[in-house]
Each structure stands twice: as C-alpha cells, then as structure tokens.
Amino acid sequence: MTDTDRKAWEQQQRSDRIVDKAQAVFFENGYENTTLPAIADAAGYNKRTLYLYFKDKEELFLAVVLRGLIQLRATLAKAVDQAVSDDSGLQHMARAFFDFSVQSPEFLDLIMIYESRYFDYLNGDGSFAPDSYRAQCQQVSADMARMVTAAIEKGMEIGNIGKDLTPQQLMLLLWGQIFGVMKIFRMRRQHFREAFGIRPEVLFEHFVAMVERALKF
C-alpha cells in the first residue's frame, strides 16, 4: 500500500466512524434533537475535524439515510426476485417493506424525514453534485420507485391490476399508503394488540389483501 493509498484508507475509516456514530445519535435522539457537537462527542472528534469530512448536519443525516435506503432497496429487490411469472411481486414487496420497518424502525423514521424534506420528485438526480450524499440518496429512492412501477406494469400486463391510473400514479398511492400504515404502527406500537385486538403483522396482511382487491378496479 502506497502512502497515498494508506492516507485515503485512513480518511475513509474516519469518515465511516463518524457516520457510524452519527447513526447511533440520530437513532437515539431523532433528527431534530441531534446536533453536530453531540455527534463529534460520540465520535471522539472535535467539530473542526467533523467539518473536514462533512459540511453540516444535513450531509451527515443524508449519509446515514443512504445506508437505510440501500438496505431497503436490497430488501425490495430480493422480494421481486421471489415473484413468479404470473405474479406482479407487489405482495412480496409489501411484506418485505413490513419486515424492514419492524427490523429497522429507526431507519424507517429517518427515511420518512428524508422523503418529506429532501427527495426531489421533479428534477431528479441532475439537481445535485453526482458524488454527493443527496444525489446518491436520490438515485436509490428513484431505483425503488422504478421497481414498484415495474411491478405495477407487470400486474397490468397479466390483468391483476386495473388501468384507470398510470403505473407511476399508482406507485405514488401505494408508496404513500404503506408508509402511512407503517407510521401508524410505529406510533401505536405500545400495547398494540391490547388496544386493537390484533397483532400488527396480521392487520398488515388484511391491509395487503384490501389493497390487492382495490387494485383490480
């Protein structure tokens, strides 16, 4: 390893450590209550060192969100691969989203904030520096939107989904529905079964069946 390679490796290690610690702080405190001094303290660096790697809290937030988005994309892609030829794959994707939300609820919380504040639905990837965390998050989010849209197109082709709306329009509705349902589950997670008389995973299956029936309009 050359001196240049070693220096680059050391810089990447420091950057990864900062993101690791930022992730823990964001998970514990949430986006609004997380500060750069708190992240610096957790990482064992001062703020000046943090600024050598990340320009502000937003960039660190997006670096953490990117990790969650990549995990979610991989989860959905695996679900699509499980679909048979006469299946759109939407049910598999919905259950995969549920599993991700249950297993990584903190990532889900941060992704919801990213979706509401940072994802650009109109201008796409060209609005940001190609190597920026925001551009990378944009790309992964767009990849997932294309995956869901492709599944809807497949469902339309095999006759399982009606054609009153375009695939992209349906994708938006389904994306909003599943995020909304999982947000409610997350908000009501304490004593859920006692309060509603049903386990979240069972209620979610009813939601999936209900959506499947509605898609045949």
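Keep in mind that what you see is a predicted model, and the values were worked out from it rather than measured. (Residues numbered from 1 in each chain as written. Predicted model: local features only at pLDDT ≥ 70, side-chain atom pairs only at ≥ 80, totals over all residues. Heavy atoms only, no water.)

### A word on the confidence of the model for the chain
Caution applies to low-pLDDT parts of the model: their predicted coordinates are not meant to be read in detail.
Reasoning step 1: The share of residues in the chain with pLDDT of 70 or more is 95%, and the mean pLDDT across the chain is 92.
Reasoning step 2: Confidence scores differ between elements of the chain, with helix α1 (residues 3–29) showing the lowest mean pLDDT of 88 and helix α4 (residues 57–81) the highest of 97. (pLDDT = per-residue confidence, 0-100. Helix = DSSP H or I, 4+ residues; strand = E, 2+ residues; numbered from the N terminus.)

### Overview of the side chain of Ser-15
Reasoning step 1: Locating Ser-15 in the fold gives a position in helix α1.
Reasoning step 2: A relative accessible area of 10% means that Ser-15 is categorised as buried. (Buried < 20%, exposed > 50% of the residue type's maximum accessible area, 1.4 Å probe, protein only.)

### Quick notes on unusual backbone geometry
Reasoning step 1: Backbone geometry at His-191 places phi at a positive 60°, although glycine is not the residue there.
Reasoning step 2: Inspection of the secondary structure assignment puts His-191 in the loop between α8 (167–187) and α9 (192–196).
Reasoning step 3: The class of His-191 is exposed, set by a relative accessible area of 57%.

### With respect to the pattern of salt bridges
Reasoning step 1: In this structure the tally under the stated criterion is seven salt bridges.
Reasoning step 2: Arg-67 is the salt-bridge partner of Asp-20, the closest N and O atoms lying 2.8 Å from each other. In this pair, Asp-20 is assigned in helix α1 and Arg-67 in helix α4, connecting sequence segments 47 residues apart.
Reasoning step 3: We classify Asp-20 as partly exposed; its relative accessible area is 41%.
Reasoning step 4: When its relative accessible area of 26% is taken as the criterion, Arg-67 is described as partly exposed.
Reasoning step 5: A salt bridge links Arg-199 to Glu-201; its shortest N-O distance comes to 2.8 Å.
Reasoning step 6: On the basis of relative accessible area, Glu-201 is assigned to the partly exposed category, the value being 35%.
Reasoning step 7: When salt bridges with common partners are traced through the structure, they connect Arg-73, Asp-143 and Arg-146 into a single cluster. (Salt bridge = Lys/Arg side-chain N within 4 Å of Asp/Glu carboxyl O.)

### Focus: the nonpolar core
Reasoning step 1: One finds Phe-61, Leu-76, Leu-90, Phe-97, Tyr-114, Ile-152 and Phe-204 to be the most contacted residues of the largest nonpolar core, which totals 63 residues.
Reasoning step 2: With sequence-adjacent residues up to four places away left out, Phe-61 is seen in contact with Phe-26, Tyr-31, Leu-110, Ile-113, Tyr-114 and Tyr-118. (Core = buried A, V, L, I, M, F, W, Y, C linked by side-chain atoms within 4.5 Å. Contact = heavy atoms within 4.5 Å.)

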